[in-house]
Amino acid sequence: MSAGWNSVVGVSPLQVTQSEVFSQIQNDVLLSSSLWANIALAGLSALLFVYMARNVESPRAKLIWAATLMIPLVSISSYTGLVSGLTVGVITMPAGHPLGGQEVLSQWGRYLTWALSTPMILLALGLLADVDRGSLFAVIAADIGMCVTGLAAALVTSSYPLRWAFYLISCAFFAVVLYALLTEWAAAASAADTDEIFDTLRVLTVVLWLGYPIVWALGVEGLAVVQSVGLTSWAYSALDILAKYVFAFLLLRWVAANESTVAAGGADRTTAGAPADD
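Attention here is on the structure that accompanies the text. A quick note: this is a predicted structure, and the numbers were derived from the prediction, not measured. (Residues numbered from 1 in each chain as written. Predicted model: local features only at pLDDT ≥ 70, side-chain atom pairs only at ≥ 80, totals over all residues. Heavy atoms only, no water.)

Here we look at the overall build of the protein chain
Logical step 1: For the protein chain, the count of helices and strands is 10 helices and two strands.
Logical step 2: Ordered by position in the sequence, the α and β elements of the protein chain form the string α-α-α-β-β-α-α-α-α-α-α-α.
Logical step 3: Counting every position in the protein chain, which comprises 278 residues, the buried fraction comes to 52%.
Logical step 4: Contacts in the protein chain between residues at least 24 apart in sequence constitute 75% of all its contacts with a sequence separation of at least 6.
Logical step 5: Accessible surface, the protein chain as shown: approximately 12,400 Å² in total, 68% of it carbon and sulfur. (Helix = DSSP H or I, 4+ residues; strand = E, 2+ residues; numbered from the N terminus. Buried < 20%, exposed > 50% of the residue type's maximum accessible area, 1.4 Å probe, protein only. Contact = heavy atoms within 4.5 Å. Areas by Shrake-Rupley, 256 points an atom, 1.4 Å probe, with all protein chains shown as cover.)

Comments concerning unusual backbone geometry
Logical step 1: In this structure, Asp-130 takes a positive phi of about 60° despite not being glycine.
Logical step 2: Following the sequence through the fold, Asp-130 ends up in the loop between α4 (109–129) and α5 (133–155).
Logical step 3: For Ala-224, which is not a glycine, the phi torsion comes out positive at approximately 60°.

Some thoughts on the nonpolar core
Logical step 1: Core analysis: the biggest nonpolar cluster contains 59 residues, and Trp-185, Phe-198 and Trp-209 have the highest contact counts within it.
Logical step 2: Those elements that place two or more of their residues in this core are α2 (29–52), α3 (59–84), α4, α5, α6 (160–182), α7 (184–191), α8 (195–218) and α9 (229–257).
Logical step 3: When residues no more than four places from it in sequence are discounted, the contact partners of Trp-185 are Leu-122, Leu-125, Gly-126, Ala-129, Val-131, Ser-135, Leu-136, Val-139, Ala-180 and Phe-198.
Logical step 4: With 19 residues, the next largest nonpolar core counts Tyr-79, Met-93, Val-220 and Val-229 among its residues. (Core = buried A, V, L, I, M, F, W, Y, C linked by side-chain atoms within 4.5 Å.)

Focus on α4
Along an α-helix, residues three or four apart share an orientation, since each turn contains 3.6 residues.
Logical step 1: In this model α4 runs 30 Å from its N-terminal to its C-terminal C-alpha over 21 residues, within 8% of the 30 Å that 1.5 Å per residue would give.
Logical step 2: Counting buried residues in α4 gives 17 out of 21 residues, a clear majority hidden from the surface.
Logical step 3: Asp-130 sits one or two positions beyond α4 and adopts a positive phi of about 60°. (Expected span 1.5 Å × (residues − 1).)

Observations concerning the side chain of Ser-228
Logical step 1: In this fold, Ser-228 is placed in the loop between α8 and α9.
Logical step 2: A distance of 3.3 Å separates a polar atom in the side chain of Ser-228 from the backbone nitrogen of Gly-230.
Logical step 3: Among the polar contacts made by the side chain of Ser-228, one reaches the main-chain amide nitrogen of Leu-231 at a distance of 3.1 Å. (Polar contact = N/O pair within 3.5 Å; in protein donor to acceptor, adjacent residues only side chain to side chain.)

Some points on the packing of aromatic side chains
Logical step 1: Counted by the stated rule, this structure contains nine aromatic pairs.
Logical step 2: For the ring pair Tyr-160 and Trp-164, a centre distance of 6.4 Å and an interplane angle of 80° mean the geometry is edge-to-face. One end of the pair, Tyr-160, and the other, Trp-164, are both in helix α6, four residues apart, so they sit about a helical turn from each other.
Logical step 3: With a centroid separation of 6.3 Å and an interplanar angle of 15°, the aromatic rings of Tyr-212 and Tyr-236 are classed as stacked. With a gap of 24 residues between them, Tyr-212 in helix α8 and Tyr-236 in helix α9 connect regions that are remote in the sequence. Summarising the burial analysis for this pair, Tyr-212 and Tyr-236 share the class buried.
Logical step 4: Cluster of aromatic residues (ring-pair linked, three or more members): Tyr-111, Trp-114, Tyr-212 and Tyr-236.
Logical step 5: Above the face of the Tyr-51 ring, Arg-54 is positioned so that its terminal group lies 4.0 Å from the ring centre. (Phe/Tyr/Trp six-rings, centres within 6.5 Å; stacked < 30°, edge-to-face > 60°. Lys NZ or Arg CZ within 6 Å of the ring centre and 35° of its normal.)

Notes on the packing of α4 against α9
Packed helices, taken two at a time, are described by their axes: the angle between them and the distance between them.
Logical step 1: Here α4 crosses α9 at 25°, and the two axes come no closer than 12 Å. Our classification of the angle between α4 and α9 gives roughly parallel. When the axes of α4 and α9 are compared, the crossing they make is left-handed. Contacts from Arg-110, Tyr-111, Thr-113, Trp-114, Ser-117, Ile-121, Ala-124, Leu-125 and Leu-128 of α4 reach α9 at Ser-233, Tyr-236, Ser-237, Asp-240, Ala-243, Lys-244, Phe-247, Leu-251 and Trp-254. (Axes fitted to C-alpha atoms, helices over the stretch in contact; angles between N-to-C directions. Parallel < 35°, antiparallel > 145°, perpendicular 65-115°, else oblique. Left-handed = near helix turned anticlockwise from the far one by under 90°.)

Below, the structure is given as structure tokens:
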């Protein structure tokens, strides 16, 4: 698919129906395959994760499993919304954008996916590292702020500079998340004796999450260096596959094999917070 919206001549993008968007998606093999691949992998991942957690018993391990299971469940719902055209729209790029004045297919539903699935990733990591609730809340709040302002950056059509302003605000929220993962949460994981797997997942998360703003900047939403919506969609989908399903598999495999360590971390925090006997 080219960057421009291949609509019928004379038809306003405001009049484009959901069925027309759906047909456009299905007629673009590159675009539709990027969505269907994630639907299939999300479904298989959910089934696999349920099986992997069949013997998990400790409350803390169950919480990690529940948060992790939500990742593919949210994704399969969101990607179905994308492939159906429900969460896809057509926007006219503002003046100053490389595609200024052209109508572009916007997969704004991806931001809904990230706003719901990335907090689950951070919740699982926070529980694994046994971080305090205040830090967990602050980082998840920053993450949601990152996704919401990213959505604004993608949908603003009144001003090209304002698109980049929202992009920079989103990156600022992202910096808060990165700081926590690289410093405070890493120290907490070491104290909880889960640093071995946490360090692996931290590197995986940081490296892959950095890919999203890069794809935005280079794709049709930003500088339009890559003007194919299908290629941009596949870049996002590939990042999602690695940052969600591979991440979740590595985490649950370790938790299942080291449940006693996970349970001990939660027990230590409970004991530390309990009042001393007179």
